[in-house]
Amino acid sequence: MSVTLPARGLPHEEILDRLKDLREGDADWREGRVFSLVYHASDEHSELIKKAHNLFFSENGLNPMAFKSLRRMEAEVVRMSASMLHGGPHTVGTMTSGGTESILLAVKAARDRAKAKNKKLVRPNIVVPETVHVAFDKAGHYFGCEVRFAKLDASMRVDVADMASLIDANTVLLVGSAPQYPHGVVDPIEKIASLAQKNAIPCHVDACIGGFFLPWAERLGYPLPLWDFRVPGVTSISADIHKFGYAPKGASVLVYRDMDHLKHQFFVSTDWPGGIYASPTVAGTRPGGAIAGAWAALMAMGENGYVDHVDRAMKAAARLAEGIEATGKLELVAKPDMCIVSFKAKADTGLDVFALADRLEDRDWLVDRQQNPNCIHCTVTSNHESRIEDYLEDLRSAIAYLEAHPDHETRGNAAMYGMIAKVPFRGMVRQSVMDVMEKLYGPRAAEPGFDPMSADDEGLVMRLVKSYGGRALSVLDRVEKLRERLSPGGKKRRRAVT
Ligand SMILES: Cc1ncc(COP(=O)(O)O)c(C=O)c1O
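As the structure is a computational prediction, the values presented were derived from the model and not from experiment. (Residues numbered from 1 in each chain as written. Predicted model: local features only at pLDDT ≥ 70, side-chain atom pairs only at ≥ 80, totals over all residues.)

### Brief notes about the overall build of the chain
Helices and strands together make up the secondary structure of the chain, namely 15 helices and 13 strands. Against the globule reference of 23 Å for 498 residues, the chain gives a C-alpha radius of gyration of 24 Å, in line with a compact fold. By principal-axis analysis of the C-alpha atoms, the chain measures approximately 65 × 65 × 50 Å. Within the chain, buried positions represent 44% of all 498 residues. Restricting to contacts in the chain with at least 6 residues of sequence separation, those with at least 24 account for 72%. (Helix = DSSP H or I, 4+ residues; strand = E, 2+ residues; numbered from the N terminus. Rg over C-alpha atoms; globule rule 2.2 N^0.38 Å. Buried ≥ 20, exposed ≤ 12 C-beta atoms within 10 Å, placed from the backbone. Contact = placed C-beta atoms within 7 Å.)

Quick look at the structure:
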């Protein structure tokens, strides 16, 4: 089937109808059935930020002299964020398109700052917690920095002594998360930053998910360690406005203690035939809509709006955690510092948490599966308030079903995810994922109903599941136990990157 441009443009009504039809199979975030990806404050708030976005949808932040409005709004967003994060008069920063771009730039700036100080630096590395967001792996990959992963303690926070052991003369950045995405705990930022200071290395705090949340949780009296610019030694912080800042997608802020760090983020070319070119971030064209939408979101929420949403999300998360623990069969992976609830099956129950995930998906919940350990992740927002009891009810009936049908666990998705988490040969898993990516972005991707995971397109891992089902999983279980016996507590340090 070939998809080509229509020879004549279609009537606008028809286009809008087709767009609505295309949405049919999408995840139902409005009804609170999605626990990540979308942060929805209210329909009223969304209407406002859509209007703000549309007002500036043609403007381009690439040239701040042409669009002074965007320059002004970006500067105000940075200043408001800096004050929320307890920055000082010298705190500076830029907006970016999202958490990943903020992280890429934080790593690039640290690398270039270190290179400016030490011309002989050829193999830079960054030291991060094992749970740090995968965007740091991407940054290492893009910018030629080795990523060294420090192990965790039992609370899933990074072990700072292990971080210290990984530092050498080529270390250009230490990182901690506030909080980390997988389990919602804040790393010991004061200790990390002090280690960074002792070694004269910058320290970045990834507060992409917590930046617009934790300040208000603190105001509500939730016990939290210090993690922002009040901590001496913290040199930069990333905070996503398109998450708990309730801005339209495409808005994050990256803030530095002072210009000595930010200046290494900039790119300037003086010799291009197209003219002298200066750019503060990765993007060339910078969409005005995202900047105006973020500015409008901050203005509309104000401190009281954020405090209210944080209060509601924290209470909903507490209720979810309580209901999960009350099942007696499940437990939280860690005690979270914010509204992120990740749970796993208790060891003695024989329950497969991925089989549980399949059952929840049958009931139209979008489930975020995690590994090391296998668990289900829920980023709870104020939009989930009225959904928690339904979710818990479906969870309880899923447990009852699985207990009545123990064979269920080794089939379908549960087997695939179980296998993916356990396969010791990560290259094989990587190849399977690459196969899916090539199909997703391949020439058949526009075919109606095309499913890159479907039977005739399945990868190696799925074929193994089909052929060996439960047997393959139990072999992998044995391999895992053997590895644990040979090297107790031993764990793979490195994360595999393309
Ligand atoms: C802690 C953390 N860092 C970085 C990111 C990446 O953000 P984005 O998806 O906007 O690139 C996320 C996303 O959830 C996150 O939770």
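### Side note on the sheet that holds strand β6 (residues 236-240)
In space, the seven strands of this open sheet follow the order β1-β7-β6-β5-β4-β2-β3, with mixed pairing throughout. The open sheet terminates on both sides in strands that have one partner only, identified here as β1 (92-96) and β3 (146-150). On average, adjacent strands in this sheet sit at an angle of 20° to one another, irrespective of strand direction. Where strand β5 (residues 203-206) lies against β6, three bridges are found, and the strand directions are parallel. Bridged to Asp206 within β6 is Ser238. (Pairing = 2+ DSSP bridges. Axes fitted to C-alpha atoms, helices over the stretch in contact; angles between N-to-C directions.)

### Considering the site of the ligand
Lining the immediate environment of the ligand, one finds Gly98, Gly99, Thr100, Ile103, His133, Ala135, Ser177, Tyr181, Asp206, Cys208, Ile209 and Asp240. Across the shell around the ligand, the residue classes tally to five nonpolar, five polar and two charged. (Near = placed C-beta within 6 Å. Nonpolar A, V, L, I, M, F, W, Y, C, P; charged D, E, K, R; others polar.)

### Structural notes on the domain arrangement of the chain
Considered domain by domain, the chain is made up of domain 1 (52-300), domain 2 (310-405) and domain 3 (412-486). The distance between the C-alpha centroids of domain 1 and domain 3 comes to 34 Å. (Domains from an automatic or database assignment.)

### Focus on the confidence of the model for the chain
In the predicted model, the chain carries a mean pLDDT of 92, and 90% of its residues have values of at least 70. Here residues 489-493 scores under 50 on pLDDT; set against residues more than four positions off or in separate chains, the count is two contacts. (pLDDT = per-residue confidence, 0-100.)

### Observations regarding helix α3 (residues 68-84)
Here α3 spans 24 Å end to end across 17 residues, near enough to the 24 Å set by a 1.5 Å rise per residue. Restricting attention to buried positions, one finds in α3 the residues Leu70, Met73, Glu74, Val77, Ser81, Ala82 and Met84. On its buried side, α3 packs onto β1, α8 (214-219), β6, β7 (252-256) and α10 (288-326). Just beyond α3, the residue with positive phi is His86, at close to 60°. (Expected span 1.5 Å × (residues − 1).)

### Some details on the sheet that holds strand β12 (residues 368-370)
Spatially, β10-β11-β13-β12 is the arrangement adopted by the four strands of the open sheet, whose pairing is antiparallel. Taken across any chain shown, the strands that pair with only one partner, and hence form the sheet edges, are β10 (330-332) and β12. In this sheet, neighbouring strand axes are inclined to one another by 35° on average, regardless of whether the strands run parallel or antiparallel. Across the face of the sheet, helix α11 (residues 353-362) comes into contact with β11 (340-345), β12 and β13 (375-379) while running at roughly 50° to β13.

### As for the nonpolar core
Grouped together as the largest cluster of nonpolar side chains are 130 residues, with contacts concentrated most on Val107, Ile126, Phe136, Leu174, Ala294 and Leu320. With 18 residues, α10 is the largest single contributor of residues to this core. Those residues in contact with Ala294 that sit more than four places away from it in its chain are Val77, Met95, Ile241, Gly245, Ala247 and Ala251. (Core = buried A, V, L, I, M, F, W, Y, C linked by C-beta atoms within 7 Å.)

### Brief notes about the pairing of strand β2 (residues 125-129)
Counting buried residues along β2, four of its five residues qualify, which places the element largely inside the surrounding structure. Bridging between β2 and β3 involves five bridges; their strand directions are parallel. Among the inter-strand pairings, Ile126 is bridged to a residue of β3, identified as Val147. Here β2 runs beside strand β4 (residues 171-177); their pairing, made up of three bridges, is parallel. Residue pairing in the sheet places Ile126 in a bridge with Leu173 of β4.

### Notes on α11
Counting buried residues along α11, seven of its 10 residues qualify, which places the element largely inside the surrounding structure. Within α11, burial applies to Val353, Phe354, Ala355, Leu356, Ala357, Asp358 and Arg359. One or two residues past the end of α11 sits Asp364, with phi positive at roughly 70°.

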